[in-house]
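Chain and residue survey
What follows is the residue order along each chain.
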Amino acid sequence: MIILVSQLYSKLKTKNHSAYRLYYHLILSTKYRHKCITGEMLERLEEVFKDLLIKWNSSLIEFGGEADHIHCLFESEPTVQLASLIKNLKSVSSRRIRQEYREHLKPYYWKPYFGNRAYCVISVGGRANTETLLKYIENQDEPARLKPTLTSDSPTLES
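Definitions and limits used
The residue numbering used here restarts from 1 in each chain and proceeds along that chain's sequence as written. Totals for whole chains, interfaces and linings use every residue, but because this is a predicted model, local features are given only for residues with pLDDT of at least 70 and side-chain atom pairs only at 80 or more, for both listing and counting. Side-chain measures were taken over the full set of non-hydrogen atoms in the model, leaving aside hydrogen atoms and water. Going along the chain from the N terminus, every DSSP run of H or I of four or more residues is numbered as a helix, and every run of E of two or more is numbered as a strand. Summary of the burial criterion: residues with accessible area below 20% of their type's maximum are buried, those above 50% are exposed, and those between are partly exposed, where the area comes from a 1.4 Å probe applied to protein chains only. Only heavy atoms matter for contacts: two residues are in contact if any of them lie within 4.5 Å across the pair. In short, DSSP must find at least two bridges between two strands for them to pair. Orientation is described by lines fitted to C-alpha atoms, with helices fitted over the stretch in contact, and by angles between N-to-C directions that extend from 0 to 180 degrees. By definition, a salt bridge exists where a carboxyl oxygen of Asp or Glu is found within 4 Å of a side-chain nitrogen of Lys or Arg. Helix span, expected: 1.5 Å multiplied by one less than the number of residues in the helix. Within 3.5 Å is the distance limit for a polar contact, defined as a pair of N or O atoms, with the added protein rule that one can donate a hydrogen and the other accept it, and that residues adjacent in sequence qualify only through two side-chain atoms. What the arc covers is the set of directions going from the helix axis to the C-beta atoms.

With that settled, consider the overall build of the protein. Assigned secondary structure in the protein consists of five helices and six strands. Shown N-terminal to C-terminal, the secondary structure of the protein runs as helices and strands in the order α-β-β-β-α-β-β-α-α-β-α. Here the protein holds 159 residues, and the buried ones make up 28% of them. When contacts within the protein are restricted to residue pairs at least 6 apart in sequence, those whose partners lie at least 24 apart make up 69%.

Spelled out as C-alpha cells, the structure:
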C-alpha cells in the first residue's frame, strides 16, 4: 500500500510546457494560540480548504489539526501565486468560522478574530529529500568541463 501511495504522489503532472509536482505543508494557528478549535470546526475547516483549493486549481491531500492549529498538505500548479492562495485560504476560512461559530468563539475573542496573521509553509519533496537532492547536484559535471567556457578572453555578445 505504501508503495502505491508513493508512486501516486511521485508521478509528474504536465500542463502546457511544464512538468511539475508541487506539494506544500501549510500550518496555521489560532489568534493568541487559544485552544478553541473543536472537532466539528476542524471538519468544517477541511471542507472550506478543499473547496477553496479546487477554485485555485489545487487539491487537498491531507488535513488535520489540534485545538490551537491546523496542518494542511496540498498540491498546486506552478502558475498559482502561493502567497495569494494562502492569503485567500486564511481570510475565507477565518471569516466563515467566525460567522458559523460566533457563540463558541465569544469566550476566546472580544473582537472578530480567529486566525493568527502569521503562517508557516514548507515545500515538500517528491521521492527525493533535500539531502538526496544536494548530493545529486554536488555530483553533477563541473562547469569547467562544459564547452564553450566563458572566460575573460571569450567573446561577448557585444563584440
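So, next bit.
Remark on secondary structure: sheet strands pair via backbone hydrogen bonds, oriented parallel or antiparallel. Read from one edge of the open sheet, four strands run β4-β5-β3-β6, paired in antiparallel fashion. With one partner strand each, in any of the chains shown, β4 (59–66) and β6 (120–124) form the two edges of the open sheet. In this sheet, neighbouring strand axes are inclined to one another by 15° on average, regardless of whether the strands run parallel or antiparallel. Of the strand pairs in this sheet, β4 and strand β5 (residues 69–76) are connected by seven bridges, and their pairing is antiparallel. Across the sheet, Phe63 pairs through a bridge with Cys72, a residue of β5. Those strands touched by helix α2 (residues 39–55) are β3 (22–29), β4 and β5, and its axis lies near 155° from that of β4. Where helix α3 (residues 82–100) meets the sheet, it contacts β3, β5 and β6, and its direction lies at approximately 40° from that of β3.

Moving on, we get to the pattern of salt bridges. What the rule picks out here adds up to eight salt bridges. Its salt-bridge partner being Glu75, residue Arg21 comes within 3.2 Å of it at the nearest N-O pair. Note that Arg21 is positioned in the loop between β2 (18–20) and β3 and Glu75 in strand β5, a separation of 54 residues in sequence. Neither residue differs from the other here; Arg21 and Glu75 are each classed as buried. One salt bridge in this structure joins Arg44 and Glu100, with 2.8 Å as the shortest N-O distance. A residue pair is termed long-range when its members are at least 10 positions apart, and Arg44 in helix α2 and Glu100 in helix α3 qualify at 56 residues. On the basis of relative accessible area, Glu100 is assigned to the partly exposed category, the value being 40%. The network of salt bridges with common partners includes Lys13, Arg21 and Glu75.

To continue, consider α3. With 19 residues, α3 extends 27 Å between its outermost C-alpha atoms, agreeing within 8% with the 27 Å of an ideal straight helix rising 1.5 Å per residue. Among the residues making up α3, those that are buried are Leu85, Ile86, Leu89, Lys90, Val92, Ser93, Ser94 and Ile97. On its buried face, α3 sits against β3, α2, β5, α4 (102–105) and β6.

Attention shifts here to the environment of His34. Within the fold, His34 resides in the loop between β3 and α2. For the pair His34 and Gly115, spaced 81 residues apart in sequence, the C-alpha to C-alpha distance is 9.7 Å. Ignoring any residue separated from it by four or fewer positions in sequence, one finds His34 in contact with Ala67, Asp68, Tyr108 and Tyr109. There is a polar contact of 3.4 Å between the side chain of His34 and the backbone oxygen of Tyr108.

What follows covers α2. In this model, α2 (17 residues) spans 25 Å end to end at C-alpha, consistent with the 24 Å of a helix rising 1.5 Å per residue. Regarding α2, the residues found buried are Met41, Leu42, Arg44, Leu45, Val48, Phe49, Leu52 and Leu53. Projected down its long axis, α2 carries its buried residues within an arc of 165°, all on one side. In α2, the exposed positions angled more than 90 degrees off the buried face are occupied by Glu40, Glu43 and Ile54. Among the structural elements, β3, β4, β5, α3 and α4 are those in contact with the buried residues of α2. Following α2 by one or two positions, Asn57 has its phi on the positive side, about 55°.

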